[in-house]
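Summary of the model geometry
So the chains spell out like this:
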Amino acid sequence: MTGFQRCSGCGGNVQVPAEAHSVKCTSCLTTNLVHANSGTSHVQTERRMVPSSRSNVHGSHTMNVHGSHTTNVHGSHTTNVHGSHTTNAHGSHTMNGLRTSCPSFHGRKRAVLCGVSYKCRRNELKGSANAVSCMKALLRNKLGFPDDCILVLSEDENNTCRLPTKQNMRSAMRWLVQDCKAGDSLVFYFVGHGSQQIDCSGDEADGYDESLCPMDYETEGNIIDDEINTTIVRPLPKGAKLHAIIDASHSGTAMDLPFVCRMGRSGSYLWENQSPACSYKGTCGGMAVSFSSCNDKQTGINYAKNTTGAMTYCFVDALEREHRVTYGCLLNLMRAGSKELKAGGQTCNPISSLVRKLVAPGVAAEPQLSASEKFDIQKLQFAL
């Protein structure tokens, strides 16, 4: 049963999954030991949340669940569950007091697509925006995702609230899992630079956190795997699914999922348990799966030509070729596609051909698979 505990660092509430021994605060990144007695005043479980509501003659309605929820006749709507969320009739939208352009409603299928080009900088990437366009086309045209439930953050956007800044990416991730329930299918996609940095919490076997680089990483910093896991993995309820596609360097465990799929000596795939003893990295009963462009030590970018999108091409091409595939088959097709790209192979598929034009031969990285739980990748059908 999920509960909440006050962070010893910033004083905010942090979500505590069942049987977790420690949790990391997404605001200040403090690692908190879980109180042994969940009945104390420090921990409030979902059973103990008692909403209060009130209305007045002006048509407003407020509900408090560790925060506020307001609707009035002028079209404004506010929700606060450990943070604020506001939408009004004029289309403006705020989360935690910051104006965003996240959609104000949720479908059963929804996606966040982030493409970072780092324009006018030495590490500028070619292909990010087009890779996002191809991923959106795949989700919309082939996998049934409604267009208004796909949130795109790209440097080609005119709206500053839809640029792939650190704050906008954080808001988008919170929107993705907000009010998530059984039957929901979520997608988080990122194409851009990835990096590694010293792990300060002691939950990484190799001593390094993996991270994604937003467009303003030089001033605001990266988004580390601990925060990504806490924001979009741990809240997943039973029956909900999250698929992450991370096309970046050092992205093997960018979602910080407990199980990584490895090729054994016999040629068959085996799950390697990378769960840290000091913290919980799973979900609240849902399923999270991540496809990444390379392992934590590799780069997924052709730095000779500063091009990206190789793993995106492999993912799109595999799903365009096969209508029904298992996770194992999809991983094999992506790895075969990666080798084909390295050799300079061609394809006649319209969507993947567009990505192919942007990807230079020679990218040697091998796509990786990780998950929140072990499963038979040769039997379970891939489905979004």
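Quick summary incoming for the structure in this document.

Criteria and thresholds
- Every residue gets a number counted from 1 within its own chain, in the order that chain's sequence is written.
- Owing to the predicted nature of the model, reporting of local features is limited to residues with pLDDT of at least 70; listing and counting of side-chain atom pairs is limited to 80 or more, with chain, interface and lining totals taken over all residues.
- In computing side-chain values, all of the structure's heavy atoms are included and hydrogens and water are not.
- Each helix is a run of DSSP H or I of at least 4 residues and each strand a run of E of at least 2, with the numbering of both proceeding from the N terminus.
- We call two residues in contact whenever any of their non-hydrogen atoms come within 4.5 Å of each other.
- Here the term buried applies to any residue with accessible area under 20% of the maximum for its type, exposed to any over 50%, and partly exposed to those in between, with areas from a 1.4 Å probe on protein chains only.
- At least two DSSP bridges between two strands are required for those strands to pair.
- For a helix, the expected span equals 1.5 Å multiplied by the number of residues minus one.
- Planes of paired rings set the category: under 30 degrees apart is stacked, over 60 is edge-to-face and the rest tilted, where pairs are Phe, Tyr or Trp rings (Trp by its six-membered ring) whose centres lie within 6.5 Å.
- Any Lys or Arg side-chain nitrogen located within 4 Å of an Asp or Glu carboxyl oxygen qualifies as a salt bridge.
- Helix axes are fitted only over the stretch in contact, all axes being lines through C-alpha atoms; the angle between N-to-C directions runs from 0 to 180 degrees.
- Should an angle lie under 35 degrees it is considered roughly parallel, over 145 roughly antiparallel, and from 65 to 115 roughly perpendicular; all remaining angles are considered oblique.
- Under the scheme applied, nonpolar residues are Ala, Val, Leu, Ile, Met, Phe, Trp, Tyr, Cys and Pro; charged residues are Asp, Glu, Lys and Arg; polar residues are all the others, including Gly.
- Left-handed describes a crossing whose near helix is turned anticlockwise from the far helix by less than a right angle; the clockwise case is right-handed.
- The term nonpolar core refers to a set of buried residues drawn from Ala, Val, Leu, Ile, Met, Phe, Trp, Tyr and Cys, joined through side-chain atoms within 4.5 Å.

Another point: the overall build of the chain. Helix and strand counts for the chain come out as 7 helices and 23 strands. Contacts in the chain between residues at least 24 apart in sequence constitute 63% of all its contacts with a sequence separation of at least 6.

Of the two faces of strand 23 (residues 368-371), the one carrying Gln 368 and Ser 370 and the one carrying Leu 369 and Ala 371 are both buried. Examined bridge by bridge, strand 20 (residues 259-263) and strand 23 share 2 bridges and lie antiparallel to one another. Within the sheet, the bridge partner assigned to Val 260 lies in strand 23 and is Ser 370. Pairing analysis gives 4 bridges linking strand 22 (residues 287-292) to strand 23, with the strands arranged antiparallel. What sits directly across from Ser 290, in strand 23, is Ser 370.

Here helix 5 (residues 310-321) is 12 residues long and its end C-alpha atoms lie 17 Å apart, about the 16 Å a rise of 1.5 Å per residue gives. Where burial is concerned, most of helix 5 is hidden: 10 out of the 12 residues are buried. Among the residues of helix 5, Ala 310, Met 311, Thr 312, Tyr 313, Cys 314, Phe 315, Val 316, Asp 317, Ala 318 and Leu 319 are the ones counted as buried.

On to the packing of aromatic side chains. Applying the stated criterion to the full structure yields 8 aromatic pairs. Consider the rings of Trp 271 and Phe 375, whose centres lie 5.2 Å apart with planes at 55 degrees: the pair is tilted. Within this pair, whereas Trp 271 is found in strand 21 (residues 269-273), its partner Phe 375 is found in the segment after strand 23, the two being separated by 104 residues in sequence. On the basis of relative accessible area, Phe 375 is assigned to the buried category, the value being 12%. When the centroid spacing of 5.4 Å and the interplanar angle of 75 degrees are considered together, the rings of Tyr 327 and Phe 382 count as edge-to-face. Separated by 55 residues along the polypeptide, Tyr 327 in helix 6 (residues 327-343) and Phe 382 in the segment after strand 23 bring together distant segments of the chain. Given the relative accessible area of 11%, Phe 382 is considered buried. Clustering of aromatic rings is evident, with ring pairs tying together Trp 271, Phe 291, Phe 315, Tyr 327, Phe 375 and Phe 382.

A side chain with one charge can pair with a side chain of the opposite charge if their charged atoms come near. Counted according to the given criterion, the structure contains 12 salt bridges. Across the salt bridge formed by Asp 226 and Lys 281, the nearest N and O atoms sit 3.0 Å from each other. Of this pair, Asp 226 sits in helix 4 (residues 225-233) while Lys 281 sits in the loop between strand 21 and strand 22; the two residues are 55 residues apart in sequence, bridging distant segments of the chain. Assessed through its relative accessible area of 6%, Lys 281 is described here as buried. A network of salt bridges, in which partner residues are shared, links Arg 108, Arg 110 and Asp 184.

Time to look at the packing of helix 2 (residues 166-177) against helix 4. Where helix 2 meets helix 4, the closest approach of the two axes is 8 Å, and the angle between their N-to-C directions is 30 degrees. Overall, the two elements helix 2 and helix 4 adopt an arrangement that is roughly parallel. Contacts between helix 2 and helix 4 involve Arg 170, Met 173, Arg 174 and Val 177 on the former and, on the latter, Glu 227, Ile 228, Thr 231 and Ile 232. Looking at the contact of helix 2 with helix 4 residue by residue, the class counts come to 4 nonpolar, 1 polar and 3 charged.

Relative to strand 21, strand 20 runs antiparallel, the two sharing 5 bridges. In the sheet register, Phe 259 faces strand 21, and the bridge partner there is Asn 273. Between strand 20 and strand 21, which pair antiparallel one after the other, the connecting turn spans 5 residues, and Gly 267 there sits at a positive phi close to 95 degrees.

Contact geometry for helix 1 (residues 128-141) and helix 5: axes closest at 10 Å, N-to-C directions at 25 degrees. Taken together, the axes of helix 1 and helix 5 are roughly parallel relative to one another. Judged by the twist between their axes, the crossing of helix 1 over helix 5 is left-handed. Between helix 1 and helix 5, the contacting residues are Ala 131, Met 135 and Leu 138 on the first element and Thr 312, Phe 315, Val 316, Leu 319 and Glu 320 on the second. Taken together, the residues that form the contact of helix 1 with helix 5 break down as 6 nonpolar, 1 polar and 1 charged.

Here 8 strands make up an open sheet; going across it, the order is 14-13-15-19-22-23-20-21 and the pairing mixed. Strands at the two margins of the open sheet, each flanked by one partner only, are strand 14 (150-154) and strand 21. Averaged over all adjacent pairs, the angle separating strand axes in this sheet is 20 degrees, with direction ignored. Together, strand 13 (109-115), strand 14, strand 15 (185-191) and strand 19 (241-247) form the strand contacts of helix 1, whose direction differs from that of strand 13 by roughly 170 degrees. Running at roughly 165 degrees to strand 13, helix 2 makes contact with strand 13, strand 14, strand 15 and strand 19 of the sheet.

Take the nonpolar core next. With 42 residues, the main nonpolar core has Leu 113, Met 135, Leu 139, Phe 291, Phe 315, Leu 330 and Phe 382 as its most contacted residues. Counting residues per element, this core draws most heavily on helix 5, which supplies 8 residues. Beyond its immediate sequence surroundings of up to four residues, Leu 113 is in contact with Val 132, Met 135, Lys 136, Leu 139, Ile 150, Leu 151, Val 152, Leu 153 and Tyr 189. If you look at the next biggest cluster of nonpolar residues, it comprises 36 residues, including Leu 125, Phe 188, Leu 236 and Ala 288.

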